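Report on the structure
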Amino acid sequence: MASAGSSTTNRTCAACTGETFSTTVNALMCSPWRTCGNGMEAAPGSSTMDRTCQVAGWLRQFGGANHTETYAVATNANADVFFAGSV
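Residues numbered from 1 in each chain as written. Predicted model: local features only at pLDDT ≥ 70, side-chain atom pairs only at ≥ 80, totals over all residues. Heavy atoms only, no water.

1. Section: unusual backbone geometry
Just so we agree on the cut-off: Only DSSP runs of H or I covering at least 4 residues are called helices, and only runs of E covering at least 2 are called strands; the numbering of each starts at the N terminus. Whether a residue is buried, partly exposed or exposed follows from its accessible area with a 1.4 Å probe, protein chains only, as a fraction of its type maximum: under 20%, in between, or over 50%, in that order.
The residue N26 is not glycine, and still its phi comes out positive at about 60 degrees. Examined against the element boundaries, N26 turns out to sit in the loop between β1 (20–21) and β2 (31–32). Take N26: its relative accessible area is 44%, and that puts it in the partly exposed class.

2. Concerning the environment of R34
For clarity, the threshold we go by: By the convention used here, residues are in contact when the closest approach between their heavy atoms is within 4.5 Å.
Positionally, R34 belongs in the loop between β2 and β3 (41–43). With sequence-adjacent residues up to four places away left out, R34 is seen in contact with D50, R51, T52 and C53.

3. Some words on the environment of T20
As a reminder of what qualifies: Here a polar contact means two N or O atoms within 3.5 Å. Within protein one must be a hydrogen donor candidate and the other an acceptor candidate, and residues neighboring in sequence count only if both atoms are side-chain atoms.
By the element assignment, T20 lies in strand β1. For the pair T20 and P32, spaced 12 residues apart in sequence, the C-alpha separation works out to 4.2 Å. For T20, the residues in contact, after removing those within four places along its chain, are C30, S31, P32, W33, S46 and S47. Only 2.5 Å separates the side chain of T20 from the backbone oxygen of T17, close enough to count as a polar contact.

Quick look at the structure:
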């Protein structure tokens, strides 16, 4: 919003600026774009759309309906993550 309205004038609207957006026409406020991790931005934001972050390619879910249990989690100098547990 560029300026508030009054009893005799209409409110004046403007597009969101900087790293902000609104999906609502004539919104009172703009929201900040979400923050992505380093190199994780999939698409930049705009005045009408939030920034899109990508999921890391190495992300993998373990476990499921069998209620897998994890007993230990460890990392090494290469930032590899190791899980110990049972199904």
